[in-house]
Amino acid sequence: MTELHYLAGLDLAGRRVVVVGGGTVAARRLPRLVESGAAVEVISPDATPAVVGLADGGALVWHQRPYAEGDLDGAWYVLCCTSAPEVNEAVSAEAQARRVFCVRADAGSAGSAVTPATGNHDGLLVGVLAGGAHRRSATVRDGLLLALRTGAVSASVPAAARPTGVALVGGGPGDPDLITVRGRQLLSVADVVIADRLAPGSLLDELPPGVEVVDAAKIPYGRAASQDAINALLVDHARAGRFVVRLKGGDPFVFGRGFEEVLACAAAGVPVTVVPGVTSAFAVPAVAGVPVTHRGVAHEVVVVSGHLPPGHPESLVDWPALAALRGTLVLMMAVERAPAFAEVLMAGGRAPDTPAAIVQEGTTRAQRVVRSTLSTLADDVAAQGIRPPAVIVVGPVAALSVSHASSPPA
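Residues numbered from 1 in each chain as written. Predicted model: local features only at pLDDT ≥ 70, side-chain atom pairs only at ≥ 80, totals over all residues. Heavy atoms only, no water.

K.L.:
Can you lay out the pattern of salt bridges for me, pointing to particular residues and giving the numbers?
P.N.:
If you walk through the whole model with that rule in mind, you get 13 salt bridges. As a salt-bridge pair, arginine 65 and aspartate 71 come within 2.8 Å of each other at their nearest N and O atoms. (Salt bridge = Lys/Arg side-chain N within 4 Å of Asp/Glu carboxyl O.)

And the structure:
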């Protein structure tokens, strides 16, 4: 018969929790204990680098010695995580004598408590117990979290507890699975979503039917006026009591005008939550098999906006200085002016045979990768019909490749 347990939430903040053992099992359990605010003490002669790091950072106390009788004095909760059953049995026996709940990582049914498979979603802590069948509980936990995050299972909150104001959410480089968990959570409770052209469009299909979606790419009157119009929409909807998600591609603060929108909301007294996104500058090359840094190859990365050509009076880019660098240049919004950028970099000293890689529509099904050099970049962009959105990587890393590089979604 499957053993039944009583599932309860423990308030361990400020309370002494003893973990006996400092190996990989303990390292897995410690982060959530530390996050709970528990006064964690680890007792073990040795510890993994992760455990040592937590101790060095002051998150817990590590007693670098074997367990001894009396170590559980004053403990509220105990975890036995050693690889020695006799030690775990002794710890469990002391815990039983002191009436302290104890988890046996090596033999769950032998302890007085069992750790559930847990996960977080929008303020919910989901816990699953399966009578010691850990893989089963983890599988069910993962399914529940996926259902919550995709909206298959409702996690609606009362109107009084719903978020307010504006959330500035980075949608990532294109693949909808690369949005952050927090970003997806806020999208699921939005009243209004104002989406950029490069935001993952399929995320909008998952929204409830009552959500108002505004396509920011279709706001008229020119680029500068469009930003003013977007700012006004954010403020007006928020002041009307609606929770607004401003969904942008990549990261809002990496050439995304995100901070302009934060300033506009702040000036209007509208609260703003900023959710960083996975920036295309690094993610798109990575998925294409191009690391922007590599030991012994590149010790610097510079991300450059290509929306203005070299020599433009409003340009803030020091192209001669960039040409003198030896590391990686990541050019964003640079397809149209790729010939001019290649020319100014070579004129400033970059070798014509410097490797370059162009990744179009990275992380999506339409992803294309073209390998080139500075001297052939202009011709390759034209010959291959490269069009935005695309990321151009210049530097020795652009010549690196691996046969098992990640592929875009099937």
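The structure having been displayed, the exposition proceeds.
K.L.:
So what's going on with the side chain of aspartate 71? Which residues, and what values?
P.N.:
Note that aspartate 71 resides in the loop between β3 (61-63) and β4 (77-80). Reaching out from aspartate 71, the side chain makes a polar contact with the backbone nitrogen of alanine 68 at a distance of 2.8 Å. (Helix = DSSP H or I, 4+ residues; strand = E, 2+ residues; numbered from the N terminus. Polar contact = N/O pair within 3.5 Å; in protein donor to acceptor, adjacent residues only side chain to side chain.)

K.L.:
Quick one: what's the story with the pairing of strand β15 (residues 355-360), residue by residue and with numbers?
P.N.:
For β15, the buried fraction is high: six of the six residues fall into the buried class. What you see with β15 is no split at all: Pro355, Ala357 and Val359 on one side and Ala356, Ile358 and Gln360 on the other are buried throughout. Across five bridges, β15 lies against strand β17 (residues 390-394) in antiparallel orientation. In the sheet register, valine 359 faces β17, and the bridge partner there is valine 391. (Buried < 20%, exposed > 50% of the residue type's maximum accessible area, 1.4 Å probe, protein only. Pairing = 2+ DSSP bridges.)

K.L.:
How would you explain the sheet that holds strand β13 (residues 301-305) if you had to name every residue and give the values?
P.N.:
Taken together, the five strands give an open sheet; going across it, the order is β13-β14-β17-β15-β16, and neighbouring strands pair in mixed fashion. The open sheet is flanked by β13 and β16 (368-373), the only strands paired with a single partner. With strand direction ignored, the average angle separating the axes of adjacent strands in the sheet is 20 degrees. Of the pairings in the sheet, the one linking β13 to strand β14 (residues 328-332) comprises five bridges and is parallel in character. (Axes fitted to C-alpha atoms, helices over the stretch in contact; angles between N-to-C directions.)

K.L.:
So what's going on with the environment of valine 52? Which residues, and what values?
P.N.:
Relative to the helices and strands, valine 52 is located in helix α2 (residues 49-56). By relative accessible area, which is 22% here, valine 52 ends up partly exposed. Linking valine 52 and alanine 39, residues 13 residues apart in sequence, is a C-alpha distance of 16 Å.

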